[in-house]
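# Chain and residue survey
So the chains spell out like this:
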Amino acid sequence: MVDMHLYAAFLVAAFALCVTPGPDMMFIVAVGGRGGPAAGVMAAFGVACAMLVHAVAAALGLSALFEALPTLYHVLRWAGAAYLLYLAVKAFRDRSVPGEEDSGSGAGPGLRRAFWQGAITNLLNPKVILFNVAFLPQFVDPELGHVPGQFMVLGVTIVVMGFLVDGVIGLLSGKLSALLRRSRRVARGLNVFSGTVFVGLALKVSTDG
(Lines give C-alpha, C1' and ligand atoms only; values in the text may rest on other atoms or scores of the structure.)
Protein backbone atom coordinates (compact mmCIF):
# COMPACT_ATOMS: atom_id res chain seq x y z
CA MET A 1 0.00 0.00 0.00
CA VAL A 2 2.96 2.36 0.58
CA ASP A 3 6.27 2.93 -1.17
CA MET A 4 8.82 1.38 1.21
CA HIS A 5 11.54 3.84 0.22
CA LEU A 6 9.22 6.74 0.99
CA TYR A 7 8.12 5.03 4.17
CA ALA A 8 11.72 4.62 5.36
CA ALA A 9 12.33 8.34 4.75
CA PHE A 10 9.09 9.09 6.57
CA LEU A 11 10.20 7.10 9.63
CA VAL A 12 13.40 9.14 9.89
CA ALA A 13 11.60 12.46 9.46
CA ALA A 14 8.79 11.49 11.84
CA PHE A 15 11.22 10.38 14.54
CA ALA A 16 13.12 13.66 14.28
CA LEU A 17 9.85 15.56 14.68
CA CYS A 18 8.69 13.44 17.62
CA VAL A 19 11.88 13.90 19.67
CA THR A 20 12.10 17.63 18.98
CA PRO A 21 10.61 19.58 21.92
CA GLY A 22 7.40 21.31 20.89
CA PRO A 23 4.11 22.58 22.34
CA ASP A 24 2.64 19.11 22.88
CA MET A 25 5.74 17.90 24.68
CA MET A 26 5.85 20.98 26.90
CA PHE A 27 2.15 20.52 27.68
CA ILE A 28 2.72 16.89 28.67
CA VAL A 29 5.66 17.87 30.91
CA ALA A 30 3.45 20.44 32.63
CA VAL A 31 0.60 17.96 33.16
CA GLY A 32 2.98 15.27 34.43
CA GLY A 33 4.57 17.78 36.76
CA ARG A 34 1.22 18.62 38.31
CA GLY A 35 -0.48 15.22 38.31
CA GLY A 36 2.27 12.63 38.50
CA PRO A 37 3.44 9.90 36.10
CA ALA A 38 0.01 8.45 35.31
CA ALA A 39 -1.37 11.89 34.45
CA GLY A 40 1.63 12.57 32.20
CA VAL A 41 1.08 9.33 30.30
CA MET A 42 -2.66 9.96 30.03
CA ALA A 43 -2.01 13.45 28.64
CA ALA A 44 0.30 11.87 26.05
CA PHE A 45 -2.43 9.35 25.20
CA GLY A 46 -4.94 12.17 24.78
CA VAL A 47 -2.57 13.97 22.41
CA ALA A 48 -2.06 10.73 20.47
CA CYS A 49 -5.82 10.18 20.09
CA ALA A 50 -6.23 13.74 18.84
CA MET A 51 -3.40 13.19 16.36
CA LEU A 52 -5.25 10.12 15.09
CA VAL A 53 -8.33 12.29 14.52
CA HIS A 54 -6.16 14.71 12.54
CA ALA A 55 -4.76 11.82 10.50
CA VAL A 56 -8.27 10.59 9.64
CA ALA A 57 -9.26 14.14 8.66
CA ALA A 58 -6.22 14.40 6.41
CA ALA A 59 -7.02 11.03 4.81
CA LEU A 60 -10.57 12.18 4.08
CA GLY A 61 -9.39 15.54 2.76
CA LEU A 62 -11.19 17.48 5.50
CA SER A 63 -8.02 19.28 6.62
CA ALA A 64 -7.97 21.20 3.34
CA LEU A 65 -10.96 23.19 4.63
CA PHE A 66 -8.56 25.37 6.58
CA GLU A 67 -6.85 26.44 3.37
CA ALA A 68 -10.21 27.37 1.84
CA LEU A 69 -11.68 28.93 5.00
CA PRO A 70 -9.01 30.99 6.78
CA THR A 71 -11.60 32.35 9.24
CA LEU A 72 -12.14 28.83 10.56
CA TYR A 73 -8.41 28.58 11.18
CA HIS A 74 -8.39 31.75 13.29
CA VAL A 75 -11.52 30.75 15.24
CA LEU A 76 -9.91 27.44 16.18
CA ARG A 77 -6.62 29.17 17.00
CA TRP A 78 -8.26 31.58 19.44
CA ALA A 79 -10.36 28.81 20.98
CA GLY A 80 -7.17 26.84 21.63
CA ALA A 81 -5.48 29.88 23.20
CA ALA A 82 -8.51 30.51 25.44
CA TYR A 83 -8.53 26.89 26.60
CA LEU A 84 -4.83 27.03 27.48
CA LEU A 85 -5.39 30.24 29.46
CA TYR A 86 -8.23 28.50 31.31
CA LEU A 87 -5.84 25.69 32.25
CA ALA A 88 -3.25 28.28 33.33
CA VAL A 89 -5.72 29.95 35.69
CA LYS A 90 -6.61 26.57 37.21
CA ALA A 91 -2.94 25.76 37.72
CA PHE A 92 -2.16 29.12 39.34
CA ARG A 93 -5.13 28.75 41.71
CA ASP A 94 -4.41 25.10 42.59
CA ARG A 95 -3.11 24.61 46.15
CA SER A 96 -3.20 20.81 46.19
CA VAL A 97 -0.22 18.46 46.10
CA PRO A 98 0.37 16.98 42.60
CA GLY A 99 -1.24 13.57 42.29
CA GLU A 100 -3.07 13.94 45.61
CA GLU A 101 -6.52 13.68 44.09
CA ASP A 102 -5.67 10.46 42.27
CA SER A 103 -4.06 8.51 45.11
CA GLY A 104 -5.45 5.00 45.08
CA SER A 105 -8.09 5.86 42.54
CA GLY A 106 -6.67 4.22 39.43
CA ALA A 107 -8.23 5.89 36.41
CA GLY A 108 -9.83 8.57 38.56
CA PRO A 109 -11.21 11.95 37.56
CA GLY A 110 -7.70 13.46 37.48
CA LEU A 111 -6.50 10.93 34.90
CA ARG A 112 -9.57 11.36 32.73
CA ARG A 113 -9.08 15.10 32.95
CA ALA A 114 -5.43 14.77 31.90
CA PHE A 115 -6.51 12.69 28.88
CA TRP A 116 -9.14 15.19 27.77
CA GLN A 117 -6.88 18.17 28.35
CA GLY A 118 -4.25 16.60 26.09
CA ALA A 119 -6.82 15.71 23.45
CA ILE A 120 -8.61 19.07 23.43
CA THR A 121 -5.40 21.10 23.42
CA ASN A 122 -4.15 19.22 20.38
CA LEU A 123 -7.50 19.24 18.58
CA LEU A 124 -7.78 23.01 19.01
CA ASN A 125 -4.35 23.60 17.50
CA PRO A 126 -4.95 24.38 13.80
CA LYS A 127 -1.22 24.19 13.10
CA VAL A 128 -1.37 20.43 13.69
CA ILE A 129 -4.03 20.19 11.00
CA LEU A 130 -2.00 22.26 8.56
CA PHE A 131 1.05 20.16 9.44
CA ASN A 132 -0.75 17.03 8.28
CA VAL A 133 -1.77 18.78 5.06
CA ALA A 134 1.81 19.86 4.34
CA PHE A 135 3.85 16.95 5.73
CA LEU A 136 2.05 13.68 5.03
CA PRO A 137 1.46 14.17 1.26
CA GLN A 138 5.22 14.29 0.70
CA PHE A 139 5.36 10.58 1.49
CA VAL A 140 2.28 9.50 -0.46
CA ASP A 141 2.68 8.00 -3.93
CA PRO A 142 -0.56 8.55 -5.92
CA GLU A 143 0.56 6.03 -8.54
CA LEU A 144 0.17 3.23 -6.00
CA GLY A 145 -3.50 4.13 -5.48
CA HIS A 146 -5.33 3.83 -2.16
CA VAL A 147 -4.28 7.38 -1.25
CA PRO A 148 -6.53 7.56 1.87
CA GLY A 149 -5.05 4.24 2.98
CA GLN A 150 -1.52 5.57 2.54
CA PHE A 151 -2.44 8.63 4.62
CA MET A 152 -3.76 6.37 7.37
CA VAL A 153 -0.63 4.20 7.44
CA LEU A 154 1.54 7.29 7.77
CA GLY A 155 -0.81 8.88 10.28
CA VAL A 156 -1.02 5.82 12.52
CA THR A 157 2.76 5.43 12.36
CA ILE A 158 3.46 8.96 13.60
CA VAL A 159 0.72 8.66 16.23
CA VAL A 160 2.27 5.49 17.70
CA MET A 161 5.77 6.91 17.50
CA GLY A 162 4.67 10.17 19.08
CA PHE A 163 2.87 8.39 21.92
CA LEU A 164 5.93 6.28 22.73
CA VAL A 165 8.14 9.36 22.94
CA ASP A 166 5.61 11.60 24.71
CA GLY A 167 4.55 8.81 27.04
CA VAL A 168 8.11 8.40 28.26
CA ILE A 169 8.40 12.18 28.70
CA GLY A 170 5.15 12.30 30.66
CA LEU A 171 6.23 9.34 32.81
CA LEU A 172 9.62 10.85 33.64
CA SER A 173 8.25 14.31 34.41
CA GLY A 174 5.59 12.73 36.61
CA LYS A 175 8.12 10.58 38.48
CA LEU A 176 10.24 13.64 39.15
CA SER A 177 7.24 15.48 40.57
CA ALA A 178 6.35 12.40 42.65
CA LEU A 179 9.74 12.64 44.36
CA LEU A 180 9.03 16.24 45.28
CA ARG A 181 5.32 16.21 46.00
CA ARG A 182 5.72 15.77 49.78
CA SER A 183 6.71 19.42 49.98
CA ARG A 184 3.73 21.73 49.52
CA ARG A 185 6.09 24.58 48.68
CA VAL A 186 7.56 22.55 45.82
CA ALA A 187 4.08 21.42 44.83
CA ARG A 188 3.02 25.05 44.61
CA GLY A 189 6.10 25.76 42.49
CA LEU A 190 5.15 22.95 40.11
CA ASN A 191 1.68 24.43 39.72
CA VAL A 192 3.15 27.86 38.98
CA PHE A 193 5.53 26.27 36.47
CA SER A 194 2.64 24.45 34.77
CA GLY A 195 0.55 27.62 34.65
CA THR A 196 3.47 29.53 33.14
CA VAL A 197 3.89 26.86 30.46
CA PHE A 198 0.19 27.04 29.62
CA VAL A 199 0.35 30.84 29.34
CA GLY A 200 3.39 30.59 27.08
CA LEU A 201 1.66 28.06 24.85
CA ALA A 202 -1.46 30.24 24.70
CA LEU A 203 0.62 33.23 23.61
CA LYS A 204 2.36 31.12 20.99
CA VAL A 205 -0.90 29.80 19.60
CA SER A 206 -2.53 33.24 19.54
CA THR A 207 0.39 35.11 17.98
CA ASP A 208 1.57 32.55 15.39
CA GLY A 209 -0.10 32.66 12.00
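Before reading further, recall that the structure is shown in the block above.
A quick note: this is a predicted structure, and the numbers were derived from the prediction, not measured.

### Quick word on the environment of Pro-137
- Tracing the chain through its elements places Pro-137 in the loop between α7 (126-135) and α8 (147-180).
- Through-space distance from the C-alpha of Pro-137 to that of Gln-150 is 9.2 Å; in sequence the pair is 13 residues apart.
- With residues up to four places along the chain from it excluded, the contact list for Pro-137 reads Asn-132 and Phe-151.

### What about the packing of helix α3 (residues 37-60) against α7?
- One can describe the packing of α3 onto α7 by two numbers: an axis separation of 10 Å at closest approach and a directional angle of 45 degrees. It follows from the interaxial angle that α3 and α7 lie oblique. Crossing angle aside, the handedness with which α3 passes α7 is right-handed. Here Met-51, His-54 and Ala-58 of α3 lie close against α7, whose contacting residues are Val-128, Ile-129 and Asn-132.
- Across the contact of α3 with α7, the residue classes break down as four nonpolar, two polar and no charged.

### Observations regarding the nonpolar core
- The biggest cluster of nonpolar side chains holds 27 residues, and the ones touching the most others in it are Phe-27, Val-31 and Phe-198.
- It is helix α5 (residues 70-93) that contributes the most residues to this core, seven residues altogether.
- Residue contacts for Phe-198: discarding those within four places in its chain leaves Phe-27, Ala-30, Val-31, Leu-84, Leu-87, Ala-88 and Ala-91.
- Within the second largest apolar cluster, 17 residues are counted, among which are Ala-14, Cys-18, Val-140 and Ile-158.

### Focus on α3
- Taking 1.5 Å per residue, 24 residues should reach 34 Å; α3 reaches 35 Å between its end C-alpha atoms and fits that length.
- Residue Gly-61 follows α3 closely and has a positive phi angle near 80 degrees.

### Quick notes on the packing of aromatic side chains
- On inspection of all chains with the given rule, the structure shows eight aromatic pairs.
- Geometrically, the ring pair formed by Phe-10 and Phe-139 is edge-to-face, given 5.3 Å between the ring centres and 70 degrees between the ring planes. Note that Phe-10 is positioned in helix α1 (residues 4-19) and Phe-139 in the loop between α7 and α8, a separation of 129 residues in sequence. By the burial criterion, Phe-10 is buried, and Phe-139 matches it.
- Summarising the aromatic geometry, the rings of Tyr-83 and Tyr-86 are spaced 6.1 Å apart at their centres and angled 35 degrees between planes, so their arrangement reads as tilted. Taken as a pair, Tyr-83 and Tyr-86 lie in helix α5 at a separation of three residues, close to a single helical turn.
- Look at Tyr-83 and you get buried, because its relative accessible area is 17%.
- Taken together through their ring pairs, the aromatic side chains of Tyr-7, Phe-10, Phe-135 and Phe-139 make up a single cluster.

### Focus on the layout of surface pockets
- Approximately 640 Å³ is the volume found for the largest pocket.
- Lining the largest pocket we find 25 residues, and of these Leu-17, Pro-23, Asp-24, Met-51 and Val-128 sit closest to its centre.
- Those elements that place two or more of their residues in the lining of the largest pocket are α1, α2 (23-35), α3, α7, α8 and α9 (184-207).
- When residues in the lining of the largest pocket are grouped by element, the largest group, five residues, is from α8.
- Its residues placed into classes, the lining of the largest pocket shows 16 nonpolar, four polar and five charged.

Reading guide: rules and limits
Residues numbered from 1 in each chain as written. Predicted model: local features only at pLDDT ≥ 70, side-chain atom pairs only at ≥ 80, totals over all residues. Heavy atoms only, no water. Helix = DSSP H or I, 4+ residues; strand = E, 2+ residues; numbered from the N terminus. Contact = heavy atoms within 4.5 Å. Axes fitted to C-alpha atoms, helices over the stretch in contact; angles between N-to-C directions. Parallel < 35°, antiparallel > 145°, perpendicular 65-115°, else oblique. Left-handed = near helix turned anticlockwise from the far one by under 90°. Nonpolar A, V, L, I, M, F, W, Y, C, P; charged D, E, K, R; others polar. Core = buried A, V, L, I, M, F, W, Y, C linked by side-chain atoms within 4.5 Å. Buried < 20%, exposed > 50% of the residue type's maximum accessible area, 1.4 Å probe, protein only. Expected span 1.5 Å × (residues − 1). Phe/Tyr/Trp six-rings, centres within 6.5 Å; stacked < 30°, edge-to-face > 60°. 1 Å grid on protein atoms, 1.4 Å probe; cavity = no way out; pocket = protein on both sides within 12 Å on 5 of 7 lines; lining within 4 Å. Points joined across faces, edges and corners; volume = space filled by probe spheres on them.

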